[in-house]
Amino acid sequence: MKPFPSVNFGMAKILTHPYSRRLLRRGCQLLCSGVLLQSQTALAVEPLRLTFCYDSAITQLWLTHNGRGVLNQMLGVAQEKLNLRIQLDPLPWKRCLRDVSMGLRAGAVDGSYSEERAAYAYFPGTPQGKPDVNRRLRYGTYALYRLRGADVDWDGKHFFNLNGPVVAQIGYSVVRDLGNLGVATDETPGSVDVVMRKLLAGRAQLAAVFAEEGDRLLSTPPYAGKIERLPIPLIEKPYFLLVNKEVYHTHPERIEQLWTTLAQLREQQENKTAPKKKTGRP
């Protein structure tokens, strides 16, 4: 059995003095205050700053340069929920993707999945390693447009009377989609308006652009009554927020939270605007 330690009665007398007890209590209060302050400081961490780019040629109402689009608002809500500071830089789409691949931007807003892009960026994924469409930003539809009365056509699988390249915006995934169908493309820098002007001038038989952007131009000069949309869409696909791999590996939990939060906000928006009857669309 170990002996009890010896007691320093002089020290014990000092520590039991009322003044000494007050000093001990004061010291404990200061120590506890310091621990609490450190905890509060740790909680009030500096927000994570992320710079994303998006297509500067975009004219859709849901993502706008003035920050009033639906997606702009979703990103604003998400950054407050998750203690982020998100900056959106408009860039030509091809340069935007290049900057993401080089790590100059944290990610790109509104990109569809491709193996080429997956080489340098992550998309929200499923446990099986596939893109998670439930955490998409939206679905996007590419439509085909022709001069009114032209005989070039598309039945959903094959083109008819197509004798040249289809005009499309440079760097867009639809160029690859058309290539997979064995169709050449005329990749054009600029907005949908630039693409449609080529079609109007007879420099292409077909234009492949986002349906909501192309349809918006159909009712305005100089296109009204001169260009028409083919009834069968070319392709519909999900669009995501894609994130540079290094950025993801540095902040995996924050990025996953951002993807999930944006999906939740999108679902809330869809529930507000969806018809009461189900349309069958996933």
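Provided above is the structure to which this section pertains.
Residues numbered from 1 in each chain as written. Predicted model: local features only at pLDDT ≥ 70, side-chain atom pairs only at ≥ 80, totals over all residues. Heavy atoms only, no water.

### Observations regarding the packing of aromatic side chains
Item 1. Within the structure shown, the criterion is met by eight aromatic pairs.
Item 2. Taken together, a centroid distance of 5.7 Å and an interplanar angle of 25° make the contact between tyrosine 248 and tryptophan 259 stacked. Of this pair, tyrosine 248 sits in helix α9 (residues 245–250) while tryptophan 259 sits in helix α10 (residues 252–273), and the two are eleven residues apart along the sequence. As far as burial versus exposure is concerned, tyrosine 248 and tryptophan 259 are alike and both buried.
Item 3. In textbook terms, an aromatic cluster arises when at least three aromatic residues are bridged by ring pairs, as seen for Tyr142, Tyr172, Phe210 and Tyr239.
Item 4. It is arginine 138 that lies over the ring of phenylalanine 210; its NZ or CZ is 4.7 Å from the centre.
Item 5. Its guanidinium or amino end placed over the ring of tyrosine 239, arginine 138 lies 4.7 Å from that ring's centre, counting from NZ or CZ. (Phe/Tyr/Trp six-rings, centres within 6.5 Å; stacked < 30°, edge-to-face > 60°. Helix = DSSP H or I, 4+ residues; strand = E, 2+ residues; numbered from the N terminus. Buried < 20%, exposed > 50% of the residue type's maximum accessible area, 1.4 Å probe, protein only. Lys NZ or Arg CZ within 6 Å of the ring centre and 35° of its normal.)

### What about helix α7 (residues 192–200)?
Item 1. Turning to α7, its buried residues number three or more, namely Val192, Val195, Met196, Lys198 and Leu199. Buried positions in α7, seen along its axis, are confined to an arc of 150° and lie on one side of it.
Item 2. At its buried positions, α7 is contacted by β5 (138–147), β8 (166–169), β9 (185–188), β10 (207–210), α8 (211–218) and β11 (227–229).
Item 3. Glycine 202 lies just past α7 and shows a positive phi near 80°. (Arc of directions from axis to C-beta. Contact = heavy atoms within 4.5 Å.)

### Details of the nonpolar core
Item 1. Judged by nonpolar contacts, the single largest core of 30 residues is most densely connected at Ala108, Leu144, Phe159, Val174, Leu178 and Leu234.
Item 2. The set of elements that each furnish at least two residues to this core consists of α4 (93–102), β5, β8, α6 (173–180), β10 and β12 (235–244).
Item 3. Among the elements that take part in this core, α4 stands out by supplying four residues, more than any other.
Item 4. Those residues in contact with valine 174, other than ones at most four positions away along the chain, are Tyr142, Ala168, Ala208 and Leu234.
Item 5. Counting 26 residues, the second-largest nonpolar core is a separate cluster that includes Leu50, Ala106, Val243 and Trp259. (Core = buried A, V, L, I, M, F, W, Y, C linked by side-chain atoms within 4.5 Å.)

### With respect to the pattern of salt bridges
Item 1. In total, this model carries 18 salt bridges according to the counting rule given.
Item 2. Here arginine 49 and glutamate 46 are joined by a salt bridge, their closest N and O atoms 3.4 Å apart. The two residues arginine 49 and glutamate 46 agree in class, both being exposed.
Item 3. One salt bridge in this structure joins arginine 135 and glutamate 256, with 2.8 Å as the shortest N-O distance. Remark: glutamate 256 occurs in helix α10 and arginine 135 occurs in the loop between β4 (121–122) and β5; sequence separation between them is 121 residues.
Item 4. Judged by its relative accessible area of 13%, arginine 135 is buried.
Item 5. One continuous salt-bridge network, built from bridges that share partners, spans Asp89, Arg95, Arg98, Asp99 and Arg105. (Salt bridge = Lys/Arg side-chain N within 4 Å of Asp/Glu carboxyl O.)

### A word on the pairing of β8
Item 1. Neither face of β8 is open: one carries Val166 and Ala168, the other Val167 and Gln169, and all of them are buried.
Item 2. The sheet contact formed by β8 and β9 spans four bridges and is parallel. In the sheet register, valine 166 faces β9, and the bridge partner there is threonine 185.
Item 3. After leaving β8, the chain enters α6 and then returns to the sheet as β9, a path that is right-handed. (Pairing = 2+ DSSP bridges. Right-handed = clockwise from strand over helix to strand, strands pointing away.)

### Details of the packing of helix α3 (residues 70–82) against α10
Axis angle and axis distance: for two packed helices, these are the angle between their axes and the distance between the axes, and together they describe the pair.
Item 1. Where α3 meets α10, the closest approach of the two axes is 9 Å, and the angle between their N-to-C directions is 130°. One element, α3, and the other, α10, form an angle in the oblique class. By crossing handedness, the relation of α3 to α10 is classed as right-handed. Residues Val70, Met74, Leu75, Val77, Ala78, Lys81 and Leu82 of α3 lie in contact with α10, whose contacting residues are Arg254, Gln257, Leu258, Thr261, Leu262, Leu265, Arg266 and Gln269. (Axes fitted to C-alpha atoms, helices over the stretch in contact; angles between N-to-C directions. Parallel < 35°, antiparallel > 145°, perpendicular 65-115°, else oblique. Left-handed = near helix turned anticlockwise from the far one by under 90°.)

### Notes on unusual backbone geometry
Item 1. Note the cis peptide between proline 221 and proline 222, where omega equals 0°.
Item 2. Here proline 222 shows up in the loop between α8 and β11.
Item 3. Phi is positive for asparagine 83, which is not a glycine, with a value near 55°.
Item 4. Among the structural elements, asparagine 83 can be located in the loop between α3 and β2 (84–91).
Item 5. With a phi angle near 75°, aspartate 110 is a residue other than glycine that sits in the positive phi range.
Item 6. With respect to the helices, strands and loops of the structure, aspartate 110 is situated in strand β3 (residues 107–111).
Item 7. With relative accessibility at 8%, the residue aspartate 110 sits in the buried group.

### Here we look at the packing of α7 against α8
Item 1. The interhelical angle for the contact between α7 and α8, taken along N-to-C directions, is 60°, at an axis separation of 10 Å. Our classification of the angle between α7 and α8 gives oblique. The way α7 lies across α8 gives a crossing that is right-handed. Across the interface between the two elements, Val192, Asp193 and Met196 of α7 pack against Glu213, Gly214, Leu217 and Leu218 of α8.
Item 2. In terms of residue class, the contact of α7 with α8 is made up of four nonpolar, one polar and two charged. (Nonpolar A, V, L, I, M, F, W, Y, C, P; charged D, E, K, R; others polar.)

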